[in-house]
Amino acid sequence: MELTSGFTSCLQKYLDFEINKNTQEFTIVEGNDRILPDEESGEKNPILLVLDSSFNPPHWGHYTLIKKSYEYYSQSYPNKKIHVLLLLSVQNADKEAKPASFDKRMDMMCIMSRLLNKNFESLSTYVGLTIFGKFVDKDSIIRKKFFNQGVIVYLVGFDTIIRIFDPKYYIPQAPAVVLQHFMKNVEFCCLTRSNVNDNESEDFTNQSTYSQDILQGKYEPLIPKEWGHKINILSNNPKYINVSSSKIRKLMVPLHGTKSLNEEILNDLKKQLPNQIIEYIIQSSESKSIFSA
Ligand SMILES: Nc1ncnc2c1ncn2[C@@H]1O[C@H](COP(=O)(O)OP(=O)(O)OP(=O)(O)O)[C@@H](O)[C@H]1O
Ligand SMILES: NC(=O)c1ccc[n+]([C@@H]2O[C@H](COP(=O)(O)O)[C@@H](O)[C@H]2O)c1
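- In the nomenclature of an unreviewed UniProt entry, the protein chain corresponds to Cytidyltransferase-like domain-containing protein from the organism Arxiozyma heterogenica.
- The annotation that UniProt attaches to the protein chain under Pathway (unreviewed entry) is "Cofactor biosynthesis; NAD(+) biosynthesis."
- Looking at the protein chain in UniProt, the text filed under Catalytic activity (unreviewed entry) is "beta-nicotinamide D-ribonucleotide + ATP + H(+) = diphosphate + NAD(+)".

Here it is as structure tokens:
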């Protein structure tokens, strides 16, 4: 695999992580290595928003999830400093890694991080890597190595919150047991989403009442009632409810270089992901798409 990156210092950190990942388990490739209490404002308990994603590629759905969560927390806690970590797991809980390669995804995460910094002045952003696929394990390593004070909020789409509570990930134990400690110390901002993968086993019909349903015991004993207090359901912008990385990859695989990009495709893409990321993908896909095997 050929490794290239427009962000040389990030690439060096990624290469170090690739070599040492089983002992290192987590690293920051862009931003400060650790979040310290905000002494300037006297605020000792900042809030960390974590968007864990495959970022293959990052898109407006991800951006909207961060924007809406940031607005929600900055209005609820106007004196608290808010940080956002874009986190990529190099070992997904379910799937084998596929193109784009991790160095390319890391570049695209850095582009997204800079866009967020530009558009939300008071937000501090970070780009990180971990080997852990499950949220419960990601949380332990983040608290150990990066952020050990204040609230951590995981930003997820509705498909992901369902999977976090799915018993298949915790066999032979029950989610209520394995996730007990984790759930005491976290919150979720969950954005509504359409069932893009048409997975019939997942019910997307009651998204807006999901936390109320949990509070009323609808999912007991698998999901304890009190966990309903930890989940804020946010309504998506209808423009982004259907956006997904897999749909973008399908659209972009046949495109190499700028010649194959007609105006119709470009306009369609612009509705799904930022220009800067489209340009990066096109520029990096000269002989074949970064999403081709
Ligand atoms: N359009 C969207 N609206 C709301 N949430 C989204 C949207 N796209 C992604 N998310 C959420 O962002 C998180 C990271 O997304 P992920 O990397 O799985 O993106 P994806 O577009 O679903 O990717 P893929 O299509 O490859 O599965 C997940 O919690 C996912 O539910
Ligand atoms: N039970 C869990 O904690 C759980 C379940 C499914 C996916 N995930 C993680 O969510 C992130 C996004 O996953 P997908 O790219 O498969 O949508 C990945 O980091 C994946 O490992 C965690």
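## Quick word on the overall build of the protein chain
Logical step 1: Helix and strand counts for the protein chain stand at eleven helices and seven strands.
Logical step 2: Against the globule reference of 19 Å for 293 residues, the protein chain gives a C-alpha radius of gyration of 19 Å, in line with a compact fold.
Logical step 3: With the C-alpha coordinates aligned to their principal axes, the bounding extent of the protein chain is approximately 55 × 45 × 40 Å.
Logical step 4: For the protein chain, buried positions account for 50% of its 293 residues.
Logical step 5: Of all intrachain contacts in the protein chain linking residues separated by at least 6 positions in sequence, the fraction that spans at least 24 positions is 77%.

## Considerations on the site of ligand 2
Logical step 1: Taken together, 15 residues surround ligand 2, and among them Asp52, Ser54, Ala93, Gly133 and Arg163 come closest.
Logical step 2: At 2.9 Å from an oxygen atom of ligand 2 is found a main-chain nitrogen or oxygen belonging to Gly133.
Logical step 3: Within the backbone of Phe135, a nitrogen or oxygen atom sits 2.9 Å from an oxygen atom of ligand 2.
Logical step 4: For ligand 2, whose accessible area on its own is 490 Å², the fraction buried by protein is 93%.
Logical step 5: Broken down by secondary-structure element, the contributors of at least two residues to the shell around ligand 2 are helix H4 (135-145) and helix H5 (158-164).

## Topic: the site of ligand 1
Logical step 1: The environment of ligand 1 is made up of 23 residues, and the closest members are Ser53, Asp159, Tyr240, Ser245 and Ser246.
Logical step 2: Here an oxygen atom of ligand 1 sits 2.9 Å away from a polar atom, N or O, in the main chain of Gly157.
Logical step 3: For ligand 1, the protein covers 95% of the area, taking 600 Å² as the surface of the free molecule.
Logical step 4: Of all the secondary structure elements, the ones that give two or more residues to the shell around ligand 1 are helix H2 (60-76), strand E5 (151-157), H5 and helix H9 (245-252).
Logical step 5: A per-class count over the shell around ligand 1 returns six nonpolar, twelve polar and five charged.

## Let's talk about the packing of helix H3 (residues 102-119) against helix H11 (residues 275-283)
Each pair of packed helices can be described by the angle between their axes along with the distance between the axes.
Logical step 1: The geometry of H3 relative to H11 is characterised by a closest axis approach of 10 Å and an angle of 155 degrees between their N-to-C directions. In this view, H3 runs roughly antiparallel relative to H11, as classed from their interaxial angle. Considering the relative orientation of H3 and H11, their crossing is right-handed. For the pair H3 and H11, contact is made by Lys104, Asp107, Met108, Ile111, Met112 and Leu115 and by Gln276, Ile277, Tyr280 and Ile281, respectively.
Logical step 2: In terms of residue class, the contact of H3 with H11 is built from seven nonpolar, one polar and two charged.

## Re the nonpolar core
Logical step 1: Ranked by internal contacts, the top residues of the largest apolar core, which has 55 residues, are Leu49, Leu86, Leu116, Leu155, Met252, Leu269 and Ile281.
Logical step 2: It is H3 that provides the largest number of residues to this core, a total of nine residues.
Logical step 3: Counting residues in each nonpolar core, the second largest holds 35 residues, with Ile142, Tyr170, Phe188 and Ile214 among its members.

## Focus on H11
Logical step 1: For H11, the complete set of buried residues consists of Ile277, Ile278, Tyr280, Ile281 and Ile282.
Logical step 2: Buried residues in H11 make contact with H3, H9 and helix H10 (263-270).

## A look at the sheet that holds strand E7 (residues 231-234)
Logical step 1: Spatially, seven strands are ordered E1-E4-E3-E2-E5-E6-E7 in an open sheet, and the strand pairing comes out mixed. Both edges of this open sheet fall to strand E1 (26-30) and E7, since each of them pairs with a single strand only. Strand-to-strand twist across the sheet, computed as the mean angle between neighbouring axes with direction ignored, equals 30 degrees.
Logical step 2: Across six bridges, strand E2 (residues 47-52) lies against strand E3 (residues 82-89) in parallel orientation. Looking at E3, one finds that Leu51 is bridged to Leu86.
Logical step 3: The strands that H2 touches are E2, E3, E5, strand E6 (186-191) and E7; relative to E6, the one it contacts most, it runs at about 125 degrees.

## Thoughts on the pairing of E5
Logical step 1: For E5, the tally of buried residues reaches six of seven residues, placing the bulk of the element in the interior.
Logical step 2: Pairing between E2 and E5: five bridges, direction parallel. Its bridge partner lying in E5, Leu48 is registered against Ile152.
Logical step 3: Of the strand pairs in this sheet, E5 and E6 are connected by six bridges, and their pairing is parallel. Note on E6: the bridge partner recorded for Tyr154 is Phe188.

Definitions and cut-offs
- Residues numbered from 1 in each chain as written.
- Chains lettered and ligands numbered in written order.
- Predicted model: local features only at pLDDT ≥ 70, side-chain atom pairs only at ≥ 80, totals over all residues.
- Heavy atoms only, no water.
- UniProt positions renumbered as here; feature names shortened; annotations may be inferred.
- Helix = DSSP H or I, 4+ residues; strand = E, 2+ residues; numbered from the N terminus.
- Rg over C-alpha atoms; globule rule 2.2 N^0.38 Å.
- Buried < 20%, exposed > 50% of the residue type's maximum accessible area, 1.4 Å probe, protein only.
- Contact = heavy atoms within 4.5 Å.
- Near = heavy atom within 4 Å.
- Polar contact = N/O pair within 3.5 Å; in protein donor to acceptor, adjacent residues only side chain to side chain.
- Areas by Shrake-Rupley, 256 points an atom, 1.4 Å probe, with all protein chains shown as cover.
- Nonpolar A, V, L, I, M, F, W, Y, C, P; charged D, E, K, R; others polar.
- Axes fitted to C-alpha atoms, helices over the stretch in contact; angles between N-to-C directions.
- Parallel < 35°, antiparallel > 145°, perpendicular 65-115°, else oblique.
- Left-handed = near helix turned anticlockwise from the far one by under 90°.
- Core = buried A, V, L, I, M, F, W, Y, C linked by side-chain atoms within 4.5 Å.
- Pairing = 2+ DSSP bridges.

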